[in-house]
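What follows is each chain in one-letter form.
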Amino acid sequence: MASTTPTQIDQAPPVSKSARSTGRAGDKIFAGLSKGSGILLLVIMASIAIFLTYRASIALSKNEGNFLTTFDWNASANPPVFGIAVLLFGTIVSSIIAMAIAVPIAVGIALFISHYAPRKLAAPLAYVVDLLAAVPSIIYGIWGALFLVPQLAGLNLWLDEYLGWTYVFDKTQVGVARSLFTVGILLAIMILPIVTSVSREVFLQVPRMNEEAALALGATRWEVIRMSVLPFGRSGVISASMLGLGRALGETMAVATVLSPSFLINGHILDPGGGTFAQNIAAKFDEANEFGRDALIASGLVLFLLTLLVNGAARLIIARRKDFSGANA
């Protein structure tokens, strides 16, 4: 039996020139497709920004009101007067309410599915949560208008009775609950599956070694989650929250179905009225003339910039907490 030297064992078979050239060609094609995809995305974003800016400049040049502080929207008047003060207020307030309700509940559901629920229960529950994300917005809107609005009448009275001294929950108008508070609750229900799904996947990526080490030191289940799971998944939860906030800021049909719009800024969030960017665009686009549509596009530009600002702020927060991200675990 012939002996084999270590040099012969470690020596790799030679690679043919054709295989080497094929590999290099594949690398070049993949690199080109990757760069092309990135450039295409930038081009699309730039084209959207240019279109919105151009059409908005036409409307703003003829606007007789202050675009940022005017409480009216009458772009078809002569001269035209319109502003985004009410829309900006309504969009921010309803999104804050939605995030305040949805994020804690979503994180709790994600932790339950990933660390508490038995496997036989976790899989169906995760499927149901993912399924809720696929429900169309108009279905949420119809459900909100026909079921949620009447059911919130009692909650509004309770909040007015016990928390009315806070001014925010002081109900000063009689009527159905077609308010920014109702919109915020509906948006919270809509973004809950998104935040839950992403947070759940992040929590499942926590290194098992970290959890076992904490348990070996005598930590309770909650201490393991507090010291190992939450720090690891903090940046992922922030990203999930920003995804949900993006949907809340731009939601159209559900808000238009539930909200009773008015161009008044009212700090009493239980009172009917208010408006959002997306709801106003959907409600007025069909009846608007060419100039009116330019005015609506100007409001859309503000929503576009607001979304970019929110995402940029989220990236800064994640960058500051990079030591707690999964990449550095």
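Conventions and cut-offs
- Going along each chain's sequence as written, the residues are numbered from 1 onward.
- In keeping with the predicted nature of the model, local features appear solely for residues at pLDDT of at least 70, side-chain atom pairs appear and are counted solely at 80 or more, and the whole-chain, interface and lining totals rest on all residues.
- Hydrogens and water molecules were not included; the side-chain quantities draw on all heavy atoms of the structure.
- What counts as a helix is a DSSP run of H or I of at least four residues, what counts as a strand is a run of E of at least two, and both are numbered from the N terminus.
- Residue exposure (1.4 Å probe, protein chains only): buried if accessible area is under 20% of the type maximum, exposed if over 50%, otherwise partly exposed.
- Contacts: residue pairs with any heavy atoms within 4.5 Å of one another.
- Each accessible area value is a Shrake-Rupley result obtained with a 1.4 Å probe; residue values ignore everything except the protein chains displayed when judging cover.
- Helix span, as expected, comes to 1.5 Å for every residue beyond the first.
- We define the bend at each residue as the angle formed by axes fitted to the 7 residues ending at it and the 7 residues starting at it.
- The rule is simple: put a 1 Å grid over the protein atoms alone, call a set of points where a 1.4 Å probe fits but cannot get out a cavity, call an open set with protein on both sides within 12 Å along at least five of seven lines a pocket, and count a residue as lining if it has an atom within 4 Å of a point.
- Grid points are joined across faces, edges and corners, and a volume is the space filled by probe spheres set on the points.
- Residue polarity is assigned by list, with Asp, Glu, Lys and Arg as charged and Ala, Val, Leu, Ile, Met, Phe, Trp, Tyr, Cys and Pro as nonpolar; anything else, Gly included, falls into the polar class.
- What goes into a patch is any residue over 30% in relative accessible area without a salt bridge, connected to like charges within 9 Å or, for nonpolar side chains (Val, Leu, Ile, Met, Phe, Trp, Tyr), within 5 Å.
- Salt bridges are counted wherever a side-chain nitrogen of Lys or Arg sits within 4 Å of a carboxyl oxygen of Asp or Glu.
- Between the rings of Phe, Tyr and Trp (Trp by its six-membered ring), a pair exists once the centres lie within 6.5 Å; its type follows the angle of the planes, with under 30 degrees stacked, over 60 edge-to-face, and the other angles tilted.
- Two conditions define a charge sitting above a ring: the NZ of Lys or the CZ of Arg must be within 6 Å of the ring centre, and it must be within 35 degrees of the ring normal.
- UniProt positions are given in the numbering used here, feature names are shortened, and annotations may be inferred rather than shown by experiment.

A. Quick look at the overall build of the protein. Helix and strand counts for the protein stand at 11 helices and 2 strands. Reading the helices (α) and strands (β) of the protein from amino to carboxyl end gives α-α-β-β-α-α-α-α-α-α-α-α-α. Burial status across the protein gives 39% buried among its 329 residues. A separation of at least 24 residues holds for 74% of the contacts in the protein among residues at least 6 apart in sequence. Of the roughly 18700 Å² that the protein leaves accessible, carbon and sulfur atoms contribute 67%.

B. Here's a closer look at helix H6 (residues 180–204). The terminal C-alpha atoms of H6, which comprises 25 residues, lie 35 Å apart, in line with the 36 Å expected from a rise of 1.5 Å per residue. Helix geometry: H6 is bent most strongly at Ile191, by close to 40°, with proline Pro193 lying one to four residues after it. Among the 25 residues of H6, 19 are classified as buried, and the element is accordingly described as predominantly covered.

C. Structural context of the layout of surface pockets. Here the largest pocket defines a volume of roughly 170 Å³. Elements with a contribution of two residues or more to the lining of the largest pocket: helix H2 (17–62) and helix H11 (290–320). The leading source of residues in the lining of the largest pocket is H11, at 6 residues. Residue composition of the lining of the largest pocket, grouped by class: 6 nonpolar, 3 polar and no charged.

D. Highlighting a nonpolar patch on the surface. On the surface, Ile138, Ile139, Ile142, Leu146 and Met253 cluster together into a nonpolar patch covering about 460 Å² of accessible area. Ranked by residue count, the leading element in the nonpolar patch is helix H5 (residues 137–163), at 4 residues. Secondary-structure assignment places Ile138 in helix H5.

E. Up close: the pattern of salt bridges. Inspection of the entire model under this criterion finds 7 salt bridges. Arg200 is the partner of Asp130 in a salt bridge, and the nearest nitrogen-oxygen pair spans 3.4 Å. In this pair, Asp130 is assigned in helix H4 (residues 119–132) and Arg200 in helix H6, connecting sequence segments 70 residues apart. The class of Arg200 is buried, set by a relative accessible area of 7%. Two residues, Arg247 and Glu251, come together in a salt bridge whose shortest N-O distance is 3.6 Å. With a relative accessible area of 7%, Glu251 lands in the buried category. Ionic contacts of the salt-bridge type, sharing partners, join the residues Arg55, Glu290 and Asp294 into one network.

F. How the structure looks around the packing of aromatic side chains. The final tally for this structure, using the stated rule, is 6 aromatic pairs. Arranged with centres 5.3 Å apart and planes meeting at 45°, the rings of Trp158 and Tyr162 form a pair that is tilted. Here Tyr162 and Trp158 lie together in helix H5, a separation of 4 residues that amounts to about one turn. Residue Trp158 is classed as partly exposed on the basis of its relative accessible area of 46%. Counting every residue linked through ring pairs, the aromatic cluster contains Phe67, Trp73, Phe82 and Phe291. The ring of Tyr116 has Arg221 sitting right over it, with the charged end atom 5.5 Å from the ring centre.

G. Summary view of the UniProt feature "transmembrane region" (unreviewed entry) in the protein. What UniProt calls "transmembrane region" (unreviewed entry) maps, in this numbering, to residues 38–60, 80–113, 125–149, 180–203 and 295–318. Helix makes up 100% of residues 38–60 and strand 0%. Its end C-alpha atoms lie 33 Å apart. When the span residues 180–203 is considered, its composition is 100% helix and 0% strand, and the gap between its end C-alpha atoms is 32 Å.

H. Representation of unusual backbone geometry in the model. Residue Asn78 is joined to Pro79 through a cis peptide bond whose omega torsion reads 5°. Residue placement: Pro79 occurs in the loop between strand E1 (73–74) and strand E2 (81–82). The phi angle at Tyr167 is positive, at roughly 70°, despite the residue not being glycine. Inspection of the secondary structure assignment puts Tyr167 in the loop between H5 and H6.

I. Layout of empty space enclosed by the protein. For the structure on display, the rule yields 2 cavities of 30 Å³ or more. The computed volume of the largest cavity comes to approximately 70 Å³. As for the largest cavity, its lining consists of 15 residues, of which Phe89, Leu180, Asn266, Gly273 and Gly274 are closest to the centre. The greatest single-element share of the lining of the largest cavity, amounting to 3 residues, is contributed by helix H3 (residues 85–116). Residue composition of the lining of the largest cavity, grouped by class: 7 nonpolar, 7 polar and 1 charged. As a volume, the second largest cavity reaches approximately 40 Å³. Surrounding the second largest cavity, Thr91, Ser94, Ser95, Leu187, Ala248, Leu249, Glu251, Val255, Thr276 and Ala278 form its lining. Of all elements in the fold, only H3 and helix H8 (221–250) reach the threshold of two or more residues within the lining of the second largest cavity. Looking at the lining of the second largest cavity, its residues break down into 5 nonpolar, 4 polar and 1 charged.

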